[in-house]
Amino acid sequence: MLTKSYKNFTILFCFILLFEILTANYYTKWHYFAKPALLISLILFYWYHCKSISQKFKTITLGALVFSLLGDILLMFVNESPHFFTAGLASFLLAHILYILVFLKVRDSNKKPWLFTGVLLVYGGCLFYILKSNLGAMLLPVFFYMLVILTMATSAFLRQSSLGKVSYNFVLIGAILFLISDSLLAINKFYTPLAYSNFSIMFTYAFAQLFIVFGLLKQR
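Described in the following lines is the structure provided in the data block.

Calculation rules
- Residues numbered from 1 in each chain as written.
- Predicted model: local features only at pLDDT ≥ 70, side-chain atom pairs only at ≥ 80, totals over all residues.
- Heavy atoms only, no water.
- Axes fitted to C-alpha atoms, helices over the stretch in contact; angles between N-to-C directions.
- Helix = DSSP H or I, 4+ residues; strand = E, 2+ residues; numbered from the N terminus.
- Parallel < 35°, antiparallel > 145°, perpendicular 65-115°, else oblique.
- Left-handed = near helix turned anticlockwise from the far one by under 90°.
- Nonpolar A, V, L, I, M, F, W, Y, C, P; charged D, E, K, R; others polar.
- Phe/Tyr/Trp six-rings, centres within 6.5 Å; stacked < 30°, edge-to-face > 60°.
- Buried < 20%, exposed > 50% of the residue type's maximum accessible area, 1.4 Å probe, protein only.
- Contact = heavy atoms within 4.5 Å.
- Expected span 1.5 Å × (residues − 1).

A few words on the packing of helix α3 (residues 55-75) against helix α4 (residues 82-104). Viewed as axis vectors pointing N to C, α3 and α4 meet at an angle of 160°, and their least axial separation amounts to 8 Å. With respect to their mutual orientation, α3 and α4 come out roughly antiparallel. Here the hand of the crossing between α3 and α4 comes out left-handed. For the contact of α3 with α4, the class distribution of residues is 18 nonpolar, six polar and one charged.

If you want it as structure tokens, here you go:
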């Protein structure tokens, strides 16, 4: 299913993720290098393996990864100013929009998303109901962000199955993991602190990006 280079990169990526989690809790100065290293390594891996992919498709995907990297960097400074959280949210919003464009380029027009979308809307509605009383000025930005990430997950579901089972499943799992990661982040920030939040948020986020990239590279 995965070639040796993919497997070797996954091992390297896991080591970087472990380094990020450890530095976030114990060696905070190194965290400023460890966290960006996750997306930088993924960008380099995608760049090396995407030679057979069309330039437009490649550019949009790289844009999504670069905006994700920018979001990671901005969120490291949220303790300095709340504006960094807003800027980070905007960066990830742009990343999700670019992922939507990438996924919809290979949409299966015969696939009906109503049941999948309905489940996501119930999930998103319950989450927003839990958070809304604590959002304050962030209510509308968070509401809009939630709509976009739900759309991103739906667009992953709508990709053509003919692209290959590995490609389709990897991207869909990655999109769902991204939704889970953002949900954990929102609950941790706006509702109640979660135990081991750094691990759960970063684990789901890192593998969301990894699965999406692998899935897009495996697209036939």
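Moving on from the coordinates now.
Moving on, we get to the packing of aromatic side chains. Taken as a whole and judged by the stated rule, the model has 23 aromatic pairs. For the ring pair Phe9 and Phe45, a centre distance of 4.3 Å and an interplane angle of 20° mean the geometry is stacked. With Phe9 in helix α1 (residues 4-25) and Phe45 in helix α2 (residues 28-49), this residue pair connects regions lying 36 residues apart in the sequence. Take Phe9: its relative accessible area is 7%, and that puts it in the buried class. Judged by relative accessible area, Phe45 falls into the buried class, the value being 6%. Centre to centre, the rings of Phe170 and Phe211 are 5.1 Å apart; their planes meet at 20°, and the pair counts as stacked.

Interaxial distance between helix α5 (residues 114-131) and helix α6 (residues 139-157) falls to 10 Å at its minimum, and their mutual angle equals 155°. Relative to α6, the element α5 lies roughly antiparallel. Both α5 and α6 take part in a crossing whose hand is right-handed. Facing α5, whose interface residues are Phe116, Thr117, Leu120, Leu121, Gly124, Leu127 and Phe128, α6 presents Leu139, Phe143, Met146, Leu150, Ala153, Thr154 and Phe157. Considered class by class, the residues forming the contact of α5 with α6 number 11 nonpolar, three polar and no charged.

Helix length check: α6 (19 residues) gives 27 Å between terminal C-alpha atoms against 27 Å at 1.5 Å per residue, within 8%. Buried residues of α6: Val142, Tyr145, Met146, Val148, Ile149, Leu150, Met152, Ala153, Thr154, Ser155, Ala156 and Phe157, and no others. On its buried face, α6 is in contact with α4, α5 and α7 (165-190).

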